[in-house]
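Below are the chains, spelled out letter by letter.
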Amino acid sequence: MIAIITGDIINSEMHQASEWLSVLKTTFSKWGNSPQEWEIYRGDEFQIRIEPQKALWAALEIKAIIRSFKNLDVRMAIGVGTETFKGETVSESNGTAYHRSGRIFETLKEDKLNLAIATGDTQEDESLNLILKMALDFMDQWTSVSAEIVAIVLANPQLTQQEIASQLNIQQSAVSQRQKRARLDLVQELLNYYPKALKRIKL
């Protein structure tokens, strides 16, 4: 079983690609090598092959990183399933994970959604997507400073608030306030819930 994240950057024309592209590539490289495990194509579209258990964490980390840039956001579809053919690049590979990711990605814009998941288990998909839709209600409103805090925490979960404060050259109380505004507690609850849902899925 694998997961495929298909995504594109919203409002990419509002920033020089050099501003966000290198940060995105550095993040993607944590999950494997390009182009076997990830690819960026047509300037602002991408695809990542990742373990199902890491897929939602990765998607939320990508969202936080991109929303750290003013006026930018990202649209992503997670497909969980099989891989029946592994090509030299992610885009050449095939299987149910790829099909599910691609199909749900095509519906996101029309549905005005920035994140959804398809696993083939209708009941669990319905529950997960409802939870994601409610989480997007605040995640889509992250300011750049709120998103930056979430990105740091997801990339380095072991860091204390004081260590983050030192890194950003702000007070520890400011870190605490930004985490509250970003609803980091709910983000972490969502990430704790996701693996439990995956275990129930009849893949």
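Residues numbered from 1 in each chain as written. Predicted model: local features only at pLDDT ≥ 70, side-chain atom pairs only at ≥ 80, totals over all residues. Heavy atoms only, no water.

**With respect to the overall build of the protein**
So, point 1. A count of helices and strands for the protein gives 8 helices and 5 strands.
So, point 2. Each helix (α) and strand (β) of the protein, taken in turn from the N terminus, gives the series β-α-β-β-α-β-α-β-α-α-α-α-α.
So, point 3. A compact globule built from 203 residues should have a C-alpha radius of gyration of about 17 Å, and the protein, at 17 Å, falls within 12% of that.
So, point 4. Every one of the 203 residues in the protein was classed for burial, and the buried ones make up 51%.
So, point 5. Sequence-distant contacts, at least 24 apart, represent 68% of the contacts inside the protein between residues at least 6 apart.
So, point 6. Entry remark: accessible area of the protein is about 10400 Å², with carbon and sulfur atoms responsible for 48%.
So, point 7. Counting 23 positive and 26 negative side-chain charges, the protein places the centres of these two groups 4 Å from one another. (Helix = DSSP H or I, 4+ residues; strand = E, 2+ residues; numbered from the N terminus. Rg over C-alpha atoms; globule rule 2.2 N^0.38 Å. Buried < 20%, exposed > 50% of the residue type's maximum accessible area, 1.4 Å probe, protein only. Contact = heavy atoms within 4.5 Å. Areas by Shrake-Rupley, 256 points an atom, 1.4 Å probe, with all protein chains shown as cover. Lys, Arg positive; Asp, Glu negative; His and termini not counted. Charge placed at Lys NZ, Arg CZ, Asp CG, Glu CD.)

**Details of the packing of aromatic side chains**
So, point 1. Overall, the coordinates contain 3 aromatic pairs when judged by the stated rule.
So, point 2. Each ring, one from Phe 28 and one from Trp 31, has its centre 6.3 Å from the other, and the planes form 35 degrees; the classification is tilted.
So, point 3. Assessed through its relative accessible area of 0%, Phe 28 is described here as buried.
So, point 4. When the ring of Phe 28 is compared with that of Trp 38, the centres are 5.5 Å apart and the planes differ by 65 degrees; the resulting orientation is edge-to-face. Note that Phe 28 is positioned in helix α1 (residues 17–28) and Trp 38 in strand β2 (residues 38–41), a separation of 10 residues in sequence.
So, point 5. Through successive ring pairs, a cluster of aromatic residues spans Phe 28, Trp 31, Trp 38 and Phe 46.
So, point 6. Sitting over the face of the ring of Phe 138, Arg 183 holds its NZ or CZ atom 6.0 Å from the ring centroid. (Phe/Tyr/Trp six-rings, centres within 6.5 Å; stacked < 30°, edge-to-face > 60°. Lys NZ or Arg CZ within 6 Å of the ring centre and 35° of its normal.)

**Describing the sheet that holds strand β4 (residues 73–81)**
So, point 1. The strand order across the open sheet built from 5 strands is β2-β3-β1-β4-β5, with neighbouring strands paired in mixed fashion. The open sheet has two edge strands with one neighbour each: β2 and β5 (115–118). Neighbour to neighbour, the strand axes of the sheet diverge by 10 degrees on average, direction disregarded.
So, point 2. As paired strands, β2 and strand β3 (residues 45–50) are joined by 4 bridges and run antiparallel to one another. Its bridge partner lying in β3, Trp 38 is registered against Ile 48.
So, point 3. Those strands touched by helix α2 (residues 52–67) are β1 (2–10), β3, β4 and β5, and its axis lies near 175 degrees from that of β4. (Pairing = 2+ DSSP bridges. Axes fitted to C-alpha atoms, helices over the stretch in contact; angles between N-to-C directions.)

**Overview of the pattern of salt bridges**
So, point 1. This model, assessed by the stated rule, comprises 11 salt bridges.
So, point 2. The partner of Lys 54 in a salt bridge is Glu 51, with the nearest N and O atoms 3.4 Å apart.
So, point 3. For Glu 51, a relative accessible area of 44% translates into the label partly exposed.
So, point 4. Between Lys 63 and Asp 73 there is a salt bridge whose closest N-O contact spans 2.8 Å. Residue Lys 63 is found in helix α2, and its partner Asp 73 is found in strand β4; the two are separated by 10 residues along the sequence. With respect to burial, Lys 63 and Asp 73 carry one shared label: buried. (Salt bridge = Lys/Arg side-chain N within 4 Å of Asp/Glu carboxyl O.)

**Observations regarding the nonpolar core**
Grouped burial of nonpolar side chains is what soluble globular proteins tend to show.
So, point 1. Counting residues in hydrophobic clusters, the biggest one holds 62 residues, and the most contacted among them are Ile 62 and Ile 78.
So, point 2. Examining the composition of this core, we find that 9 residues originate from one element, α2, more than from any other.
So, point 3. If we skip the residues at most four places from it in the chain, Ile 78 touches Ala 3, Ile 4, Ile 5, Ala 55, Leu 56, Ala 59, Ser 101, Leu 115, Ala 116, Ile 117 and Ala 118.
So, point 4. Formed by 5 residues, the second largest nonpolar core is a distinct cluster that contains Ile 2, Ile 4, Val 90 and Ala 97. (Core = buried A, V, L, I, M, F, W, Y, C linked by side-chain atoms within 4.5 Å.)

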